[in-house]
Each structure stands twice: as C-alpha cells, then as structure tokens.
Amino acid sequence: MNIFKRIFRIGQAEIHAVVDKMEDPIKMTEQGIREMKEDLEQSLEAYAKVKALAIRTQNNCEKKKEEANEFENKAILLLQKAQKGELTTEKAEGLAKEALLLKKQLLIEAGELEKQAVIHQSSADELHKNVDILKFNISKWESELSTLKARVKVSNAAKMVNKQLANIDSNSTISMLERMKEKVEEDEALAKAHGEIATSNKSKIDEINENLGGSNSVNNELEELKRKLNGDAEI
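No experiment lies behind these values; they were computed from the predicted model shown.

As enumerated under the stated definition, the model contains 7 salt bridges in all. One salt bridge connects K64 with E109, and the closest N-O pair in it is separated by 2.8 Å. Pair noted here: K64 is in helix α2 (residues 25-84) and E109 is in helix α3 (residues 89-170), with a separation of 45 residues, a long-range link. By relative accessible area, which is 27% here, E109 ends up partly exposed. Linking K65 and E114 is a salt bridge whose minimum nitrogen-to-oxygen distance equals 3.6 Å. Taken together, the residues K65 in helix α2 and E114 in helix α3 connect sequence positions 49 residues apart. When its relative accessible area of 33% is taken as the criterion, E114 is described as partly exposed.

Below, the structure is given as structure tokens:
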C-alpha cells in the first residue's frame, strides 16, 4: 500500500514539474478549452445523427405497422368478396391467408424496428446528457479561466512591485541616497567655512590697513585741501 502511495506522490511531482515548465499555462489552458469545444461540436454532430437514426427507425416501425393493418383490411375485403360471390371461397381464403402472413411478417419487422428505435433513443439520450455535461464544464472552466487571468494580472503586478522594492534594497539605493545626502551636507559645510574664512580674512586686511595708515590718508587729503585754500587766499 505504501508503495502505491509513493508511486502516486512521484506521479504528482512529475505533473507539477511539467506544469512548472509550461511557458504559458493560460495559453495552454485556452488551447485545451478550444479542443474541448471541438469535441463538443463532434459530440453534437454524433448526437444529431443518432437522434435522426432513432427517428427514422421509429418512423419505419410505424410504417410497417400501417402496412400490416392494410394487409389485414385486404384480407377482410377478400373474405367479403367471397361472401358476395365475387370470388370463390377457396381463392378468397387463400389470398386472405397470404395477406395475413404478410401482416404477421410486417408486425415482426415492426417489433424489431421498435426495439432498435428504443436502443437508438437511449444512446441519443446518453449522448445528450454527456453533451450537457460537457457544455456545463466548458462554461465553468471558461469562467474559472477568466477569474484566473484576473488573478494572474494582479499577481504579476504585485510581483513587479515587490521585485522593484527588492531591487531597491539589493542595489543599495537607500544607502546611496544617504551617501549623497552626507556629501551635500559636507559640501554645504565646506562652502560655509570658506565664506567665514573669506570674511575673516577681509576683516583682518581692513584692520591691517587701518593700522598702517589708512586714517593718515584722510588726514593727508585734509591738509592738501587746507594748503589749496591758503594758496588761494594769498593770491
């Protein structure tokens, strides 16, 4: 018993492996449904043929019965003619017997045809039942396939988003952004330091110039103006 279970599990594993290797399970399922629809068309054609055979057989049966009734009526007419003296009794009864034998043969044939008609009708009913089951299953599988297609689209979208998120982590994008942020902050700090150094240097230069005589220059200009004024006054 355990051997059979193990074999069954191996078979399941092989089936799953085949399914996993499918390039496009949806397309293969669609192909399977198309093939089932072709089978359905063939089944419908077979059902129509068997149904028509059952109808023809039943019609032939009814026709045989009608012919049998006609021969019975002919036998009655022959006997009536004998009673009227239109035919001799011997001839009328002989022909009537022939008519009744034909009637009997026709009824036997009608009985056989009726049995065949019943068999054909039973086969037609079985085919019709199977056709209905196949129609129902195809409709159900098409509906399930449509649902699965929608689920696959959602799954693929989710997989794509998750893959992108995974790639962000694997590519260290966040770490790269952090390094860029640190670099920008370093550059900003360095620029600020250079600015402060430049300002400090400028202040020192001004201080040096002032101490070296920047104010004497103004005094010299003042003395020059005074000399000009005195010169103008003497003239």
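Now that the structure has been shown, we can carry on.
Before going further, it helps to spend a moment on the confidence of the model for the protein chain. Considering every residue of the protein chain, the mean pLDDT works out to 80; 73% of them sit at 70 or more. Confidence scores differ between elements of the protein chain, with helix α1 (residues 2-21) showing the lowest mean pLDDT of 49 and α2 the highest of 92. Note on residues 1-8: pLDDT under 50 across the span, and 0 contacts to partners over four residues away in sequence or across chains.

By secondary structure assignment, the location of T57 is in helix α2. Not counting the four nearest positions on each side in its chain, T57 is found in contact with L113, Q116, A117 and H120.

What follows is about the environment of H120. Residue position: H120 is located in helix α3. Apart from residues lying up to four places away in sequence, H120 is in contact with V50, L53, A54 and T57.

What follows deals with the environment of K104. Relative to the elements of secondary structure, K104 occurs in helix α3. Taking the C-alpha atoms as reference points, K104 and E72, separated by 32 residues in sequence, lie 9.3 Å from one another.

All right, on to the packing of aromatic side chains then. This model, assessed by the stated rule, comprises 0 aromatic pairs. The side chain of K74 reaches across the aromatic face of F71, ending 4.9 Å from its centre.

A contiguous patch of negative charge on the surface is contributed by E178, E182, E185, E186 and E188. Relative accessible area serves as the criterion here: at 46%, E182 is assigned to the partly exposed category.

Parameters and conventions
- Residues numbered from 1 in each chain as written.
- Predicted model: local features only at pLDDT ≥ 70, side-chain atom pairs only at ≥ 80, totals over all residues.
- Heavy atoms only, no water.
- Salt bridge = Lys/Arg side-chain N within 4 Å of Asp/Glu carboxyl O.
- Helix = DSSP H or I, 4+ residues; strand = E, 2+ residues; numbered from the N terminus.
- Buried < 20%, exposed > 50% of the residue type's maximum accessible area, 1.4 Å probe, protein only.
- pLDDT = per-residue confidence, 0-100.
- Contact = heavy atoms within 4.5 Å.
- Phe/Tyr/Trp six-rings, centres within 6.5 Å; stacked < 30°, edge-to-face > 60°.
- Lys NZ or Arg CZ within 6 Å of the ring centre and 35° of its normal.
- Patch = residues over 30% accessible without salt bridge, like charges linked within 9 Å, V, L, I, M, F, W, Y side chains within 5 Å.
- Areas by Shrake-Rupley, 256 points an atom, 1.4 Å probe, with all protein chains shown as cover.
- Lys, Arg positive; Asp, Glu negative; His and termini not counted.
- Charge placed at Lys NZ, Arg CZ, Asp CG, Glu CD.

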